[in-house]
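Observations on the model geometry
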Amino acid sequence: MSDAVGPGDLVLCVNAAPNHATGRPVPLQVGETYRVFAVMEFACPCGRSDALLDVGVDFAWCQTRFRLLPKPKAETKTRRASVPKEKERVR
């Protein structure tokens, strides 16, 4: 997943299990979306990922805790063109 994820992408937290190394609870919430600030190429101690994601909560988290959300598609909006009003000339 590290190839697909980049800074600015939105990811969904799917795993809020305790920290891999320390066993402490994590401040992430399952079902919450987070914006990725940085992707750090680092083999996680769990052995399941090759990158850590910095989402602005604590330090960085194993990428297996997240799923990449699709990028929003641009919506086209039709706008009315402003037409200048014609003035009537009075003599």
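Here is a short report on the structure shown in this document. Residue numbers here run from 1 along each chain, matching the order of that chain's written sequence. Given that this is a predicted model, residues contribute local features only at a pLDDT of at least 70 and side-chain atom pairs are listed and counted only at 80 or more, while totals for whole chains, interfaces and linings are drawn from all residues. Only hydrogens and water are set aside; all other atoms, that is, all heavy atoms of the structure, feed into the side-chain values.

**A closer look at the packing of aromatic side chains**
Selection rule: The pairing test for Phe, Tyr and Trp rings, Trp by its six-membered ring, is centres within 6.5 Å, and the orientation test on the planes gives stacked under 30 degrees, edge-to-face over 60, and tilted for anything in between. Counting from the N terminus, the helices are DSSP H or I runs at least four residues long and the strands are E runs at least two residues long. Categorising residues by exposure relies on relative accessible area from a 1.4 Å probe, with only protein chains included: less than 20% of the type maximum marks a residue as buried, more than 50% marks it as exposed, and the intermediate range marks it as partly exposed.
Counted by the stated rule, this structure contains 1 aromatic pair. Plain terms: the ring middles of Tyr34 and Phe66 are 6.2 Å apart, the flat faces sit at 80 degrees to each other, and that makes the pair edge-to-face. Within this pair, whereas Tyr34 is found in strand β2 (residues 33–35), its partner Phe66 is found in strand β6 (residues 66–68), the two being separated by 32 residues in sequence. Classification of Tyr34 as buried rests on a relative accessible area of 11%.

**Overview of the side chain of Arg65**
Note the threshold: Note that His is not counted, nor are the chain ends; the positive residues are Lys and Arg, and the negative ones are Asp and Glu. Whenever a carboxyl oxygen of Asp or Glu lies within 4 Å of a side-chain nitrogen of Lys or Arg, that contact is scored as a salt bridge. Whenever two N or O atoms come within 3.5 Å, that pair is a polar contact, provided that in protein one can donate a hydrogen and the other can accept it, and provided that, for residues adjacent in sequence, both atoms are side-chain atoms.
Tracing the backbone through its elements, the reader meets Arg65 in the loop between β5 (61–62) and β6. Of the side chains bearing the opposite charge, Asp58 lies closest to the buried Arg65, which forms no salt bridge; the N-O distance is 9.8 Å. At a separation of 3.1 Å, a polar atom in the side chain of Arg65 contacts the main-chain carbonyl oxygen of Pro18.

**Section: the pairing of strand β1 (residues 10–13)**
Short version of the rule: Here a strand pair is declared whenever DSSP counts at least two bridges between the two strands.
Side chains Val11 and Cys13 project from β1 onto a buried face, and the interleaved Leu10 and Leu12 project onto a face without burial. Inspection of the sheet shows β1 paired to β2 by 3 bridges, in the antiparallel sense. Bridge pairing in β2 links Leu12 to Thr33. Where β1 meets β6, 3 bridges bridge the pair, whose relative direction is antiparallel.

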